[in-house]
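# Geometric and topological summary
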Amino acid sequence: MTDLHHHGDAELAPGLVDLAVNVRADAPPAWLRAVLHASIDAASSYPDPAPARTAVAAAHGRPVDEVLLTAGAAETFVLLARALRPRLAAVVHPSFTEPEAALDAAGHPVTRVVLRAADGWRLDPAAVPEEADLVVVGNPTNPTSVLHPAADLVDLARPGRVLVVDEAFADTVPGEPESLADRRDVPGLVVVRSLTKTWGLAGLRVGYALGSAALVARLAAHQPRWPVSTPALAALVACSTPAARAEAEAGARDLDRWRAALLAGLPPAAVVEGDPRSSFVLLRVPDGVRVRQALRDSGWAVRRGDTFPGLTGDHLRVAVRRPEVTAAFTAALTDVLVSAPNPEEVP
Ligand SMILES: Cc1ncc(COP(=O)(O)O)c(C=O)c1O
């Protein structure tokens, strides 16, 4: 049975280079660390979310009451599961598994819509059952790195249906061309965002959701009091400024170049699945369980694929890193694939 709570952090161990977790490898930038340190001085007061809510709303051109601040994107999935009573929830896979885990934990019926490698893992809106009144899809999708067209996502919206688009990785794509974060005209839309990946803030637990004021209020009713800490609120304000957004955009353009270097350096036996657009790529390799172990033995942690519904032990998710790290990784992967045991010698 699939372990829906398995994530890349479980693949890490001391001494391994981390290509398993898709958070930026270096610490948050110095200016952001300074903001976080300074925020501790205000930690004796209860947090005031108003400035952060205003900043996020302004960044997305939305009214304040369409913004829900959360302790990471992961919190929104639990809030949705607690606040809604779906007759049928459809989760598009392969994808981040916490939304399904949250729906399961709340006892809601879930159907999996499993996309196909043969289609490049692209979304087929017709595959989502009409009767689903809650639909969850990631864009760009973890682990396939595929960026679905905004029009295909909008096609999934219906009156009476909540459409959740997990955009935790949206800011890894230059210009965010397929983001729905600023769209106020799509019925039932909830866009989930995170500061985790781009800003290296996995441990801070900070994100937000965007949707109609009515939906935001329904979700907020299930939050504990003061769900987002003072440092996390300070990060939201600091990362919503035009300068910070420009820095994120420049980082996304770097990622594009670094990903191209990774793709160019892969050995032929490592097949790239889908058209990767985010900060990671999905590979299929022969004898993936052996390959992953051999990579670990030579100092590299990559994310196993087989805990994602729809993937197999031959799938590996690899984070995009700086070209010098990538060059060392592709050399190690080439060695591992070249040294594959001859099947005739295997007893
Ligand atoms: C697609 C996706 N959405 C959401 C999350 C959770 O993000 P956060 O750290 O903001 O809870 C992750 C984390 O791996 C993810 O991969």
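Residues numbered from 1 in each chain as written. Predicted model: local features only at pLDDT ≥ 70, side-chain atom pairs only at ≥ 80, totals over all residues. Heavy atoms only, no water.

Here the focus is the pairing of strand E11 (residues 300-304). In the case of a regular strand, side chains alternate between the two sheet surfaces. Of all 5 residues in E11, 4 are buried, a share of seventy percent or more. Note that strand E1 (residues 17-19) and E11 share 3 bridges and pair parallel. The residue bridging Asp18 from the neighbouring strand is Ala301, located in E11. The pairing of E11 with strand E12 (residues 315-319) spans 2 bridges and is antiparallel. Pairing of Arg304 across the sheet is with Leu316, part of E12. (Buried < 20%, exposed > 50% of the residue type's maximum accessible area, 1.4 Å probe, protein only. Helix = DSSP H or I, 4+ residues; strand = E, 2+ residues; numbered from the N terminus. Pairing = 2+ DSSP bridges.)

The subject of this paragraph is the nonpolar core. Counting residues in hydrophobic clusters, the biggest one holds 47 residues, and the most contacted among them are Leu69, Val137, Leu163, Leu195, Trp199, Leu201 and Leu236. Tallying contributions element by element places helix H8 (residues 230-239) first for this core, with 6 residues. Residues within four places of Leu236 in sequence aside, it is in contact with Ala52, Val56, Leu69, Leu195, Val206, Gly207 and Tyr208. Of all hydrophobic cores here, the second largest spans 23 residues; its members include Leu262, Val285, Val320 and Val336. (Core = buried A, V, L, I, M, F, W, Y, C linked by side-chain atoms within 4.5 Å. Contact = heavy atoms within 4.5 Å.)

All chains considered together, the criterion is met by 5 aromatic pairs. When the centroid spacing of 4.9 Å and the interplanar angle of 70° are considered together, the rings of Phe169 and Phe280 count as edge-to-face. Linking Phe169 in the loop between strand E6 (162-166) and strand E7 (189-194) with Phe280 in strand E10 (residues 280-284), this pair joins segments that are 111 residues apart in sequence. Of the residues examined, Phe169 reaches a relative accessible area of 5% and is grouped as buried. (Phe/Tyr/Trp six-rings, centres within 6.5 Å; stacked < 30°, edge-to-face > 60°.)

We now examine the UniProt feature "domain: Aminotransferase class I/classII large" (unreviewed entry) in the protein chain. Per the UniProt annotation, the sites labelled "domain: Aminotransferase class I/classII large" (unreviewed entry) are residues 16-320. Annotated as 33% helix and 18% strand, the span residues 16-320 places its first and last C-alpha atoms 16 Å apart. (UniProt positions renumbered as here; feature names shortened; annotations may be inferred.)

Our next topic: the layout of surface pockets. One number sums up the size of the largest pocket: a volume of about 570 Å³. His7, Phe96, Asn142, Thr196 and Lys197 are, among the 35 residues lining the largest pocket, the residues nearest its centre. Split into classes, the residues belonging to the lining of the largest pocket amount to 17 nonpolar, 11 polar and 7 charged. Counting only domains with at least three residues in the lining of the largest pocket, you end up with domain 1 (8-26 + 245-339) and domain 2 (30-240). The calculated volume of the second largest pocket comes to roughly 450 Å³. (1 Å grid on protein atoms, 1.4 Å probe; cavity = no way out; pocket = protein on both sides within 12 Å on 5 of 7 lines; lining within 4 Å. Points joined across faces, edges and corners; volume = space filled by probe spheres on them. Nonpolar A, V, L, I, M, F, W, Y, C, P; charged D, E, K, R; others polar. Domains from an automatic or database assignment.)

Close contacts around the ligand come from Gly72, Ala73, Ala74, Phe96, Asn142, Asp166, Ala168, Phe169, Ser194, Thr196, Lys197 and Arg205, and that covers them all. Contact distances for the ligand include 2.8 Å between an oxygen atom and a side-chain N or O atom of Asn142. Thr196 is positioned such that a nitrogen or oxygen atom in its side chain is 2.7 Å from an oxygen atom of the ligand. Considered on its own, the ligand offers 390 Å² of accessible surface; in the complex 89% of this is hidden by protein. Those elements giving two or more residues to the shell around the ligand turn out to be helix H3 (73-83) and helix H6 (196-199). Across the shell around the ligand, the residue classes break down as 5 nonpolar, 4 polar and 3 charged. (Near = heavy atom within 4 Å. Polar contact = N/O pair within 3.5 Å; in protein donor to acceptor, adjacent residues only side chain to side chain. Areas by Shrake-Rupley, 256 points an atom, 1.4 Å probe, with all protein chains shown as cover.)

Tracing the backbone through its elements, the reader meets Asp41 in the loop between helix H1 (30-39) and helix H2 (50-60). On the accessibility criterion, Asp41 (72% relative accessible area) is exposed. Spatially, the C-alpha atoms of Asp41 and Pro28 are 19 Å apart, while their sequence positions differ by 13 residues.

This part is about the environment of Ser95. Relative to the assigned elements, Ser95 resides in the loop between strand E3 (89-93) and helix H4 (98-105). Judged by relative accessible area, which is 7%, Ser95 ranks as buried. As a C-alpha pair, Ser95 and Phe308 span 213 residues in sequence and 6.7 Å in three-dimensional space. Look past the residues within four positions of Ser95 in its chain and what remains in contact with it is Thr141, Asn142, Pro143 and Phe308. Within the local environment of Ser95, its side chain forms a polar contact with the backbone oxygen of Val92, the two atoms lying 2.9 Å apart.

All right, on to the sheet that holds E10 then. What the 5 strands build is an open sheet, ordered E1-E11-E12-E10-E9; its pairing is mixed. On the outer flanks of this sheet lie E1 and strand E9 (271-272), each paired with one strand and no other. Docked against the sheet, helix H10 (residues 288-297) engages E11 and E12, running at close to 150° with respect to E11. (Axes fitted to C-alpha atoms, helices over the stretch in contact; angles between N-to-C directions.)

Take the pairing of strand E4 (residues 110-114) next. Summarising the sheet, E3 and E4 pair through 5 bridges and their orientation is parallel. Directly across from His93, in E4, lies its bridge partner Val114. A crossover connection joins E3 to the parallel E4 through H4; in handedness this β-α-β unit is right-handed. (Right-handed = clockwise from strand over helix to strand, strands pointing away.)

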